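An overview of the molecular structure
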Amino acid sequence: MTEGAVPRFWREIPQRYNLIANKCGNCSKVYFPPREVCPYCRRESMGKMEELNLRGTGKVLTYTIIYTPSEHFIGQVPYPIAIIQLDEGPKLTAQIVDCEVEDVKIGMKVKSTFRKISEDGYIGAIHYGYKFKPIEVKS
Ligand SMILES: [Zn+2]
């Protein structure tokens, strides 16, 4: 990978890397991925969308363990895919990393981390995006 290739890609799809959401100025609902118009407020057209940088922290709502990889994930199985509810409210689906499959728990606190998502051997393009890893919780 050459320096410079990744920053160009970052500018093209910034929300994949910075976890930028939109917040409705009227009802304060948070959307990730960002939406142009708040579906609840658009009739009144009062809802002005504001950009919101998500903290990237949340908890696991539910998860599934993937044993059969897509071609891009060969070598990574088994791996957990979770539906994560961010602290700001939006839900998203992401892979859990830095965690043994059997240690993934519903309600587990997680934090976003940027990792290689897939590598296309033919084109040689490497795509980066968000994954989530457990937050160490002192008990
Ligand atoms: Zn709204």
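Structure shown above.
We now turn to the structure provided with this report. (Residues numbered from 1 in each chain as written. Predicted model: local features only at pLDDT ≥ 70, side-chain atom pairs only at ≥ 80, totals over all residues. Heavy atoms only, no water.)

**So, the pattern of salt bridges**
Using the following cut-off: Whenever a carboxyl oxygen of Asp or Glu lies within 4 Å of a side-chain nitrogen of Lys or Arg, that contact is scored as a salt bridge. The numbering of helices and of strands both runs from the N terminus, where a helix is a DSSP run of H or I of at least 4 residues and a strand a run of E of at least 2.
Here the structure, examined in full by the defined rule, presents 1 salt bridge. For the salt bridge of arginine 55 with aspartate 87, the shortest nitrogen-to-oxygen distance reads 4.0 Å. Residue arginine 55 is found in the loop between strand E3 (49-53) and strand E4 (57-66), and its partner aspartate 87 is found in the loop between strand E5 (79-86) and strand E6 (91-95); the two are separated by 32 residues along the sequence.

**Focus on the environment of lysine 29**
We count it as follows: A 1.4 Å probe rolled over the protein chains alone gives each residue an accessible area, and that area as a share of the maximum for its type sets the label: buried under 20%, exposed over 50%, partly exposed in between. In what follows, residue pairs with any heavy atoms lying within 4.5 Å of each other are defined as contacts.
Tracing the backbone through its elements, the reader meets lysine 29 in the loop between strand E1 (20-24) and strand E2 (30-31). Residue lysine 29 is classed as partly exposed on the basis of its relative accessible area of 37%. With 60 residues separating them in the primary sequence, lysine 29 and glycine 89 have C-alpha atoms 8.0 Å apart. When neighbours within four sequence positions are excluded, lysine 29 is seen to be in contact with Asn22, Lys23, Cys24 and Tyr40.

**Describing the sheet that holds E2**
Here is the rule we go by: At least two bridges found by DSSP between two strands are what make those strands a pair.
Taken together, 3 strands build an open sheet; the order of strands is E2-E1-E3 and the sheet is antiparallel. Of all the strands in the sheet, just E2 and E3 have a single pairing partner and so form its edges. Sheet topology note: the E1/E3 ladder contains 5 bridges and is antiparallel. Within E3, the position partnered with alanine 21 by the bridge is leucine 52.

**Observations concerning the coordination of the zinc ion**
Which entries qualify depends on this criterion: Counted as donors are the N, O and S atoms within 2.8 Å of the metal, or 3.2 Å for Na, K and Ca, while water is not among the atoms, so some sites may look incomplete.
Donor atoms from the polypeptide that coordinate the zinc ion comprise Cys24 (SG), Cys27 (SG), Cys38 (SG) and Cys41 (SG), at 2.2 to 2.3 Å from the metal. Spacing between the donor residues of the zinc ion along the chain follows C-x2-C-x10-C-x2-C. Judged on exposure class, the residue cysteine 38 and its partner cysteine 41 are both buried.

**Some details on unusual backbone geometry**
In this structure, proline 33 follows phenylalanine 32 across a cis peptide bond, with omega equal to 0°. Mapped onto the secondary structure, proline 33 falls in the loop between E2 and E3. We note that serine 28 has phi near 65°; this positive angle belongs to a residue other than glycine. For serine 28, the position within the fold is in the loop between E1 and E2. Under the relative-accessibility criterion, serine 28 is labelled partly exposed at 43%. Its identity is not glycine, yet aspartate 98 carries a phi of approximately 55°, on the positive side.

**Details of the side chain of asparagine 22**
Let me state the cut-off plainly: Polar contact is defined as a pair of N or O atoms within 3.5 Å, subject to the rule that within protein one atom must be able to donate a hydrogen and the other to accept it, and that residues adjacent in sequence are counted only when both atoms are side-chain atoms.
Take asparagine 22: it is sitting in strand E1. A polar contact is formed between the side chain of asparagine 22 and the backbone oxygen of arginine 35, at a distance of 2.6 Å. In this structure asparagine 22 touches Lys29, Val30, Tyr31, Pro34, Arg35, Met49, Glu50 and Glu51, once residues within four positions along its chain are discounted.

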